[in-house]
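Coordinates in review
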Amino acid sequence: MTIETVLEHFNLTNLLTPSYICIDPSVHAIVLGVMSFYVITELPSTYIGQMRSAFSKDFWLTWSRRALLSGTAQLICKSGGTYRYPNINMHLQEFTENAADIQHFGPLHGQMLIPWTEWRVPFVNIHHTPSFSFAEEPWKILFYNTALLEIFGKKYESTKVSATIIFHGPGSMTLFRFDGEFGRLYLFHTNTPTEYTKLNVVFRVFAESKISRFLSWYIVGNWIAQWQRDLFVWENKIHRRSPFLVKNDGPVMKLRRWFNQFYVTKEDNDIDVNDW
């Protein structure tokens, strides 16, 4: 089976030629990249079986434009695991609004935690430099953060990690990219609503080949430990149409207006979905 066969099967051959194409059997998806990663479609089980017999299921196989013609592949990333958190009691919009609320990072995420736990590490703080912006594409927002450790009041530049977060749509699929001296790590964070205020959350991790599984586990564990601090707030807060904001709060109301595009309108309800 070749990459051309897969693209032809899903009628993707007429797309703009990407800079790379990834087949990831572990998440059952085709991933195309131009400026970043995009999940295009899931693969049926028959294709997964064929790929697993030819490729390692723990790795992304990447084809450049030249390699597409020659049929060769280059190994760049490996799977770092999948972590599932079902039945989270919150509305999807809370997750997206969190990106605009940049002032909460210091108070809520400024303390170093032991990975995967709520236990604080004494005398070790995290210095955050967050920022938020709207992308040119109307369905996308961007969040950036640079974090470094502060131990006994001294900042260590060698611990600096830069995070670039892209929200695709209302926050149902978010791509995190972490860059540091250790290399580069990608984290797919998906939120699937199952009820009005209930989500199934999944984290899928991919790292450069040089990053060990332990380091990948450690980095992701730090992130999820901090995410669980947000989760405590999200599951216990109430929604206010006119929130009380202070001077340095982010553009929460502007983000809410942006988010409105994803809600169904009365006109949408009047459309016959069976009328093609």
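What you are looking at is a predicted structure, and each value in this text was computed from that prediction instead of being measured.

**Looking at the overall build of the chain**
Regarding its fold elements, the chain presents 8 helices and 13 strands. Relative to its 276 residues, the chain shows a buried fraction of 43%. The long-range share in the chain, meaning contacts at least 24 apart out of those at least 6 apart in sequence, stands at 54%. By element, 55% of the accessible surface of the chain is carried by carbon and sulfur atoms, the whole surface being about 15900 Å².

**Remarks on unusual backbone geometry**
Not every positive phi belongs to a glycine, and Asn 87 is a case in point at roughly 60°. Mapped onto the elements, Asn 87 comes out in strand 5 (residues 74-88). Phi at Phe 123 is positive, roughly 65°, even though this residue is not glycine. If you trace the backbone, Phe 123 turns up in strand 7 (residues 120-134). On the basis of relative accessibility, which here comes to 57%, the residue Phe 123 falls in the exposed class.

**Concerning helix 7 (residues 252-259)**
Buried residues of helix 7: Val 252, Leu 255, Arg 256, Trp 258 and Phe 259, and no others. The buried residues of helix 7 occupy one face: seen down the axis, they fall within an arc of 160°. Of the surrounding elements, those touching the buried residues of helix 7 are helix 4 (92-100), strand 7 and strand 8 (140-151).

**Points about the pattern of salt bridges**
Under the defined criterion, the tally for this structure stands at 6 salt bridges. Measuring nitrogen to oxygen at the nearest pair gives 2.7 Å for the salt bridge that ties Glu 97 to Arg 256. Residue Glu 97 is found in helix 4, and its partner Arg 256 is found in helix 7; the two are separated by 159 residues along the sequence. Both residues of the pair, Glu 97 and Arg 256, count as buried. The shortest N-O distance in the salt bridge between Glu 137 and Lys 140 comes to 3.5 Å. Residue classification places Glu 137 among the partly exposed residues on the basis of a relative accessible area of 29%. For Lys 140, a relative accessible area of 6% puts it in the buried group.

**Quick notes on the confidence of the model for the chain**
The predicted model of the chain averages 74 in pLDDT, with 67% of residues at 70 or higher. Across residues 10-78, where pLDDT falls below 50, the model places 147 contacts with residues more than four positions away in sequence or in other chains.

**Focus: helix 6 (residues 213-234)**
Along an α-helix, residues three or four apart share an orientation, since each turn contains 3.6 residues. Spanning 22 residues, helix 6 covers 30 Å between terminal C-alpha atoms, matching the ideal 32 Å at 1.5 Å per step. Of the residues making up helix 6, those classed as buried are Ser 216, Ile 219, Val 220, Gly 221, Asn 222, Ile 224, Ala 225, Gln 226, Trp 227, Asp 230, Leu 231 and Trp 234.

**Some remarks on the side chain of Thr 96**
The residue Thr 96 is located in helix 4 in this model. Look at Thr 96 and you get buried, because its relative accessible area is 0%. Each residue touching Thr 96, except ones within four places of it in the same chain, is listed here: Ile 141, Phe 167, Pro 170, Gly 171, Leu 255, Trp 258 and Phe 259.

**Remarks on the side chain of Glu 97**
By relative accessible area, which is 9% here, Glu 97 ends up buried. In this structure the side chain of Glu 97 is engaged in a polar contact, spanning 2.8 Å, whose partner is the side chain of Gln 93. Polar side-chain contacts of Glu 97 include one of 2.7 Å to the side chain of Arg 256. Glu 97 has contacts with Val 252, Leu 255 and Arg 256, leaving out every residue within four places of it along the chain.

**Structural notes on the packing of helix 4 against helix 7**
The geometry of helix 4 relative to helix 7 is characterised by a closest axis approach of 9 Å and an angle of 140° between their N-to-C directions. As far as their axial angle goes, helix 7 and helix 4 are oblique. Of the two possible hands of crossing, helix 4 and helix 7 adopt the one that is right-handed. Residues Gln 93, Thr 96, Glu 97 and Ala 100 of helix 4 lie in contact with helix 7, whose contacting residues are Val 252, Leu 255, Arg 256, Trp 258 and Phe 259. A class-by-class count of the residues in the contact of helix 4 with helix 7 yields 5 nonpolar, 2 polar and 2 charged.

Thresholds applied
Residues numbered from 1 in each chain as written. Predicted model: local features only at pLDDT ≥ 70, side-chain atom pairs only at ≥ 80, totals over all residues. Heavy atoms only, no water. Helix = DSSP H or I, 4+ residues; strand = E, 2+ residues; numbered from the N terminus. Buried < 20%, exposed > 50% of the residue type's maximum accessible area, 1.4 Å probe, protein only. Contact = heavy atoms within 4.5 Å. Areas by Shrake-Rupley, 256 points an atom, 1.4 Å probe, with all protein chains shown as cover. Arc of directions from axis to C-beta. Salt bridge = Lys/Arg side-chain N within 4 Å of Asp/Glu carboxyl O. pLDDT = per-residue confidence, 0-100. Expected span 1.5 Å × (residues − 1). Polar contact = N/O pair within 3.5 Å; in protein donor to acceptor, adjacent residues only side chain to side chain. Axes fitted to C-alpha atoms, helices over the stretch in contact; angles between N-to-C directions. Parallel < 35°, antiparallel > 145°, perpendicular 65-115°, else oblique. Left-handed = near helix turned anticlockwise from the far one by under 90°. Nonpolar A, V, L, I, M, F, W, Y, C, P; charged D, E, K, R; others polar.

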